[in-house]
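# Fold and geometry: a report
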Amino acid sequence: MKKILGIALFTVALVACKKENTKTITKVNPETGKTETVTVEVPAEEEIKAAIVDSAGIFKQKFYLETGKTYPLIAYQRDIQNVSTPDGKAVSGTSESTDEMTITVNDFKDNVYDLSVNLVAKRNSTSANGKTVVSDTKAAAPKEEQLKGMYTINKAITGNKLAMKMDVNGKIISVTGFDPIYTKISTALSGLVKDAKQRTEIVGNFKKGFNEATIKEQFEKNLKIIPSKGVKIGEKWTASEDIIPGGDLKLTSTYALTKVEGGKAEISVNGSIPTKSDKQSKEGITHTMSLGGSQTGKIIFDSNTGWILHQNISIKTNQKESISDGKKSQSMSQASTSSIIINPSYK
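One structure accompanies this document, and this report is about it. Because the structure is predicted, anything quoted here is derived from the model rather than measured. (Residues numbered from 1 in each chain as written. Predicted model: local features only at pLDDT ≥ 70, side-chain atom pairs only at ≥ 80, totals over all residues. Heavy atoms only, no water.)

## Comments concerning the overall build of the protein
When helices and strands are tallied, the protein shows 5 helices and 14 strands. Expressed as a percentage of its 347 residues, the buried residues of the protein come to 39%. Of the contacts formed within the protein by residues at least 6 apart in sequence, a portion of 60% connects residues at least 24 apart. When the accessible surface of the protein is summed, it comes to about 18600 Å², and 51% of that surface belongs to carbon and sulfur atoms. (Helix = DSSP H or I, 4+ residues; strand = E, 2+ residues; numbered from the N terminus. Buried < 20%, exposed > 50% of the residue type's maximum accessible area, 1.4 Å probe, protein only. Contact = heavy atoms within 4.5 Å. Areas by Shrake-Rupley, 256 points an atom, 1.4 Å probe, with all protein chains shown as cover.)

Below is the structure:
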């Protein structure tokens, strides 16, 4: 299964305003999760926008981020696999990855935010057979040869920033700043990969997953959680995406806005991967495979600013495979659980 980006890097602001020049709002500190109540002035234009947002109890997407403020964003994913081999043995393994970023609001003009995406740190680890290996840009380079390439690339990425333009509705207008990062990666690899052609190939492969088009698509896809028409509390809506690009196996997610209170808004997430079976026979050998799964979780965000406070989504899949020649057969099964968490320290 591909690594599902459950990252709702920003979500939605659900704002209800009174019709006077000031309003009392409940804000949530994105770093501590604590609730604060403050009184702020409401410009007439914003008041009109807010009245539209919450008219008739329908909530729509808006972003009210503060200029000059830096918002934390840590994405953590843990994948646990339990495999039953053809000889009856049970094998398990765990992999973890952490991408630490912050988003700084540099300016806001003509309903467009000028943002810096600060790439702070990256950590990867795998555990199997009682051994754990780690690549962490906040620590020294790993001793394991198989991790040195990953560490070198991750180390070259961190400490950099991308420039992003986003409008108040979450549309990503542009993302720039990739070329200096590509150059830095190529330079860093020169001490590890002597062949210039091989370095060019490595950087080229990296560019396929880290460029303006892919990053823009990932941000926009995860920003548009609530449909543009808006939803009421309790209303459900669905979205689907390919498990394998271009394939016919899809994850269908059902979302519902469950509550908006105490300065926080919560969305429940449930989903399924309908079991897909495939059977092929060739030269007397029959190969059968099936895959299916489910998804549960929730997303919590600040209902005034739109900034994501926490996300915890779990995706479970079960895969079975067998090979038979008509006289004897072998089978194998794999159960996987992926947890995608945003801001894991949130309480």
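Moving on from the model shown.
## Notes on the pairing of strand β13 (residues 308–324)
Here 16 bridges tie strand β12 (residues 285–302) to β13, and the two strands are oriented antiparallel to one another. Looking at the pairing, Phe301 lines up with Ile308 of β13. The pairing of β13 with strand β14 (residues 329–342) spans 14 bridges and is classified as antiparallel. Among the inter-strand pairings, Ser322 is bridged to a residue of β14, identified as Ser331. Linking two consecutive strands that pair antiparallel, namely β13 and β14, is a turn of 4 residues; a positive phi of about 95 degrees is found at Gly326 within it. (Pairing = 2+ DSSP bridges.)

## Description of the side chain of Arg199
Its place among the elements puts Arg199 in helix α4 (residues 196–209). Buried within the structure, Arg199 lacks any salt-bridge partner; its nearest side chain of opposite charge belongs to Asp195, at an N-O separation of 7.1 Å. A polar atom in the side chain of Arg199 sits 2.8 Å from the backbone oxygen of Val193. At a separation of 3.1 Å, a polar atom in the side chain of Arg199 contacts the main-chain carbonyl oxygen of Lys194. (Lys, Arg positive; Asp, Glu negative; His and termini not counted. Salt bridge = Lys/Arg side-chain N within 4 Å of Asp/Glu carboxyl O. Polar contact = N/O pair within 3.5 Å; in protein donor to acceptor, adjacent residues only side chain to side chain.)

## Notes on the environment of Thr187
Relative to the helices and strands, Thr187 resides in helix α3 (residues 178–189). A relative accessible area of 53% places Thr187 in the exposed class. For the pair Thr187 and Ile153, spaced 34 residues apart in sequence, the C-alpha to C-alpha distance is 10.0 Å.

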